[in-house]
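A structural walkthrough
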Amino acid sequence: MSACVPTRHDHTSRSSRPPRASGIKRPHSPPPPPRGGRFRIAGADLSASITVFLLAVPMSLGLAVAMDAPLEAGLISAAIGGIVAGLLGGTPLQVSGPSAGLTVVTAELIQIYGWRTTCAITIGAGLLQILLGSLRAARSALAVSPAIVHGTLAGIGVAIALAQLHIVLGGSPQSSAVANALALPDQLGRVSPAAPLVGLLTITILILWPRIPGRIGRVVRRIPAALAAVVTATAVAAITAPGIARVDLPSWRSHALPEIPHGPVLALATAVLTVMLVASLESLLAAVAVDKLSAGRAGGQAAARSKADLTSASSSASGPASVSTSASAQGRPGAAYPSPPGPPVGRSDLDRELRAQGIANTLSGLVGGLAVSGGAVRSSANVRAGATGRASTVLHGVWVVLAAGLLVTALEQIPLAALAALVMMVGIQMVSFAHIRNVHKHREFLVYGATITGVLLFGVLKGVVIGIAVAVAVALHRLARTRITVTEQGGQHLVVVRGQLTFLAVPRLSRALARLPQDGDAVVELDGFFMDHAAYETIQDWSIAQTAHGGRVVFTGRSGGRIAEPPSAAHTCCRPWTPWRNHHCHDRPGQTPETHHARLDTGPAPDSGSGSVEERSPDHHTSHDAPGAHSTPGPADSPTAAPRRTGGNRLFSGLSSFQRNTAPLVREELARLAREGQRPSQLFITCADSRLVTSMITASGPGDLFTVRNIGNLVPPPDAESSDDSVGAAIEYAVDVLKVESITVCGHSGCGAMQALLGAKPDLDTPLTSLWRWLRHGLPSLERMASRHHAWARISGRLPTDAVEQLCLTNVVQQLDHLRAHGSVARRLAEGTLQLHGMYFHVGEAQAYLLTEGASAGLALDEVFDRVDPGDAHASSDSHAPADSRSPG
């Protein structure tokens, strides 16, 4: 009977695709509107804005130098990016400003068309971003292969570093990355010492500043490394090299504004598309990165709160006065609550962010500024500085405006070599070795390398096109790469097909199958996850013809087991007792388990041995084929949830599914057990929670476990007031009559009984309900957790996540103590013929943990639950295994 449902995490929604009306937000969905219309400025936002401002000013000037643009244009784009994109954007913590990714593109546009036409191109790119954001196309940009995106940024970074290296050496950059590389030897031959030394000093401070150790390091790291490097280089240059080239900010009266562009229409359209593409990709990738950073910061705060929750749970049971004493005595976290965190920051609305970037680019181009995009460096500094909202981004733009008007004299003292060294380091950091390892792991390094090469040799847009073309070619090669081999073994032909079966492989497949004798035996081993209709028809027609001529055909997977059989049947003599792949298929309207399999009918011959071939496309997988990727059922009243069946219908369909799928597998074994009687090896005491499927998590079958389930997996002591005789009777019967070899007490995550014990308890003087009379047997577990005389139970490698999990673990240990108080159990333990085990099952992770051997026997001071990993030797030994899986018959 299908009485259990797919597991889900306790803190996630009940449906993987919630309706919009449900209030549950999808990834990168629009955040809820803020409460209240006022623009609030928190103290953390004020301090974060100053940190980002100190980082943004030298970077903006440096990027303007790198693009050979007017220096004030960098400050304009930083101010507009901060104020406009900060106010209107969909990523509150993202800081926008001049785009590092557009450095090479903008420099080339300025050389070809001039500054004023470049501003007009920026306006066009901004308008195109607004259009795409309004069409909700931002999410489509993330569908581009990461190898292409990171390859593009890496190519731009290499080009930036080569160009800025010339300025650091005291020269001027060339028009392209190839020209810069070819001109580098000549530049090294006529280098002057002042600029390289200032650049080297800047790079050294940038590298060493975050690594200053000790208390001094924690203090000085509050100052951005970029600001420290530029200020130090400026001070040193003022003393040692007064004649070095410095920043020259022209008068705002001579600032150039855009003009109507002149030039070939196709070339201008290509330029607009290139600026839009690079700026959009950079902004959207930065927005996703900001989401990860803010989520990680929230996770750290949640961990601190959970640690404080454990201390609070202890103090609520034993009194406030015992907190510090208990914490110091047992080494537990006894610190006070951390300061309350700021309001959580919602996930990015990427379409809104793209529209805001478009508006910012349009305004920046209109007033003569550089192209704007979200910056990962500035944004990460904003998050790490403790920003809680968009106020820090907006204020940083305000500070840039004030600096552009009031700090002109100070800015003009900065050496160009220091700014060039700063931007060169930014370019080097765009080549991420973590990304290189990742694309290599996913076998996409060819796409990554082709994109970098294309960007360096032909420009950004052509490089992206080259990367896409190589990615498509690699995908087609993998799709068409099907190896077919035919061997003969003892009169039987083995056909091995490696790769995906598409129409491209049909000619070779047909030739290989046609060479087989028509009346011979053949085994076809299919090792791939996709088969299209043409290949399916080819195999099916050949199989029918083969069996019609008296031949026999068997279709197997790579493991050697028939494809129609459960996967484990190829590895072991034990069949799974539940057809888990087809779980809940009968709950879907108009769908039965058979609809998941495309069968190859081999004709009427009953002994042909031909199985069914399953198309292993992800679209045909059931909800349990890929853990973590399944779709959990929604609430009963959810508009997207399937109509909930009544109990009678679910019972009937479950029984029907058992008779159809499971009964044929277990009928022989149940007949044997009916003749011989039961001889279980274990008494398994666990909770009645519907998510805990004992046969599944212990890989056991009929006759293996003698199971007792109750609310909270409680074992009342034999002398307890109002004890429950049913649990005691089951223990006596299992120990004295069935002679079980071990007893396991299994708790689980998210136990409602433990949550009830931690919550408000009714007055003991008032009449109790049946539920509370039963839950009183769990009060010793609550007292044990609060006691100073027992170490807290914990999971190996981490602390319990909250007080509920702590009580779930402690309850398992306490119930083992109750077990030892039963006379029959104590007698068998003394004889050495019985073992006790503690177990904890985390439902959301589908992960089992076993209490260490000494703690299970009551001999160890530390109560640690060790993780059971696949293939663990101790997990299958007699001293630890929670179940004895025997083969049928």
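All values reported here derive from a predicted model rather than from experimental measurement.

Definitions and limits used
Residues numbered from 1 in each chain as written. Predicted model: local features only at pLDDT ≥ 70, side-chain atom pairs only at ≥ 80, totals over all residues. Heavy atoms only, no water. Pairing = 2+ DSSP bridges. Helix = DSSP H or I, 4+ residues; strand = E, 2+ residues; numbered from the N terminus. Axes fitted to C-alpha atoms, helices over the stretch in contact; angles between N-to-C directions. Contact = heavy atoms within 4.5 Å. Buried < 20%, exposed > 50% of the residue type's maximum accessible area, 1.4 Å probe, protein only. Phe/Tyr/Trp six-rings, centres within 6.5 Å; stacked < 30°, edge-to-face > 60°. Parallel < 35°, antiparallel > 145°, perpendicular 65-115°, else oblique. Nonpolar A, V, L, I, M, F, W, Y, C, P; charged D, E, K, R; others polar. Core = buried A, V, L, I, M, F, W, Y, C linked by side-chain atoms within 4.5 Å. Expected span 1.5 Å × (residues − 1). Polar contact = N/O pair within 3.5 Å; in protein donor to acceptor, adjacent residues only side chain to side chain. pLDDT = per-residue confidence, 0-100. Salt bridge = Lys/Arg side-chain N within 4 Å of Asp/Glu carboxyl O.

Taken together, the 4 strands give an open sheet; going across it, the order is 3-4-5-6, and neighbouring strands pair in mixed fashion. With one partner strand each, in any of the chains shown, strand 3 (483-489) and strand 6 (552-556) form the two edges of the open sheet. Neighbouring strand axes in the sheet, compared pairwise and without regard to direction, differ in orientation by 15° on average. Each of strand 3 and strand 4 (492-498) touches helix 21 (residues 506-514); the most contacted strand, strand 3, lies at about 10° to it.

What follows covers unusual backbone geometry. Backbone geometry at Asn713 places phi at a positive 40°, although glycine is not the residue there. With respect to the helices and strands, Asn713 occurs in the loop between strand 8 (705-710) and helix 25 (725-737). Exposure remark for Asn713: the relative accessible area of 2% places this residue in the buried category. Although it is not a glycine, Lys739 sits at a positive phi angle of roughly 55°.

Here the focus is the packing of aromatic side chains. A complete count under the given rule lists 3 aromatic pairs for this structure. Measuring from ring centre to ring centre gives 6.2 Å for Tyr840 and Tyr849, while their planes differ by 40°; the resulting arrangement is tilted. One exposure class covers both Tyr840 and Tyr849, and it is buried.

A word on the packing of helix 1 (residues 43-67) against helix 3 (residues 103-113). Axis angle and axis distance: for two packed helices, these are the angle between their axes and the distance between the axes, and together they describe the pair. Axis separation between helix 1 and helix 3 bottoms out at 8 Å; the angle between their running directions is 45°. Considering the angle they form, helix 1 stands oblique to helix 3. Residues Leu63, Ala66 and Met67 of helix 1 pack against Thr103, Thr106, Ala107 and Ile110 of helix 3. Residues belonging to the contact of helix 1 with helix 3 are distributed by class as follows: 5 nonpolar, 2 polar and no charged.

For the rest of this paragraph, the subject is the pairing of strand 4. The element strand 4 is largely enclosed, with a buried count of 5 among its 7 residues. One ladder, built from 7 bridges, connects strand 3 with strand 4; its direction is antiparallel. Residue pairing in the sheet places Arg483 in a bridge with Arg498 of strand 4. In textbook terms, the turn of a hairpin is the stretch between consecutive antiparallel strands, and for strand 3 and strand 4 this stretch comprises 2 residues, one of which, Gly490, has a positive phi near 60°. The sheet contact formed by strand 4 and strand 5 (residues 521-527) spans 7 bridges and is parallel.

All right, on to the nonpolar core then. Counting residues in each nonpolar core, the largest one holds 82 residues, and the members touching the most others are Leu61, Ile121 and Val275. With near-sequence residues (within four places) excluded, Leu61 lies in contact with Leu71, Leu75, Leu249, Leu411, Ile414 and Leu419. Listed in part, the 44 residues of the second largest apolar core include Val708, Leu738, Met754 and Leu757.

Let's shift gears to helix 22 (residues 533-548). If you check helix 22, its first and last C-alpha atoms are 22 Å apart, about what 16 residues at 1.5 Å a residue would give, namely 22 Å. For helix 22, every residue scored as buried is listed here: Ala535, Tyr536, Thr538, Ile539, Gln540, Trp542, Ser543, Gln546 and Thr547. Residues of helix 22 that are buried in the fold lie against helix 21, strand 5 and strand 6. One or two steps after helix 22, the chain reaches Gly550, where phi turns positive at roughly 95°.

Before going further, it helps to spend a moment on helix 18 (residues 433-441). Side chains of residues three or four places apart in an α-helix project in the same direction, reflecting 3.6 residues per turn. Capping of helix 18 at its N-terminal end is provided by Ser432; its side-chain oxygen lies 3.3 Å from the backbone amide nitrogen of Ala434. The first or second residue beyond helix 18 is Arg443, which carries a positive phi of 60°.

What follows is about the packing of helix 21 against helix 22. Where helix 21 meets helix 22, the axes come as close as 10 Å, and the angle between the chain directions of the two elements is 10°. With respect to helix 22, the element helix 21 is oriented roughly parallel. Contacts between helix 21 and helix 22 involve Val506, Leu509, Ser510 and Leu513 on the former and, on the latter, Ala534, Ala535, Thr538, Ile539 and Trp542. Across the contact of helix 21 with helix 22, the residue classes tally to 7 nonpolar, 2 polar and no charged.

Turning our eyes to something else, we now look at the confidence of the model for the protein chain. Overall, the prediction assigns the protein chain a mean pLDDT of 76, with 74% of residues at 70 or greater. Here residues 310-342 is modelled with pLDDT under 50, and outside its nearest four sequence neighbours on either side it reaches 46 contacts, counting other chains as well.

With respect to topology, 7 strands assemble into an open sheet ordered 8-7-9-11-12-13-10, the strand pairing being mixed. Because the sheet does not close on itself, it has two edges, and the strands there are strand 8 and strand 10 (794-795). Sheet topology note: the strand 10/strand 13 (residues 864-867) ladder contains 2 bridges and is parallel. Residue Ile795 lies in a different strand from strand 13, and its bridge partner there is Phe865. Relative to the sheet, helix 25 contacts strand 7 (682-687), strand 8 and strand 9 (742-748), its axis offset from that of strand 8 by approximately 170°. Sheet strands in contact with helix 29 (residues 803-820) are strand 7, strand 9, strand 10, strand 11 (835-842), strand 12 (847-851) and strand 13, and its direction is about 160° off that of strand 11.

Another point: the pattern of salt bridges. Under the definition given, this model contains 14 salt bridges. Residue Arg784 is joined to Asp817 by a salt bridge in which the shortest nitrogen-to-oxygen separation is 2.8 Å. You can see Arg784 sitting in helix 28 (residues 779-786) and its partner Asp817 sitting in helix 29, a full 33 residues away along the chain. The class for Arg784 is buried, based on a relative accessible area of 10%.

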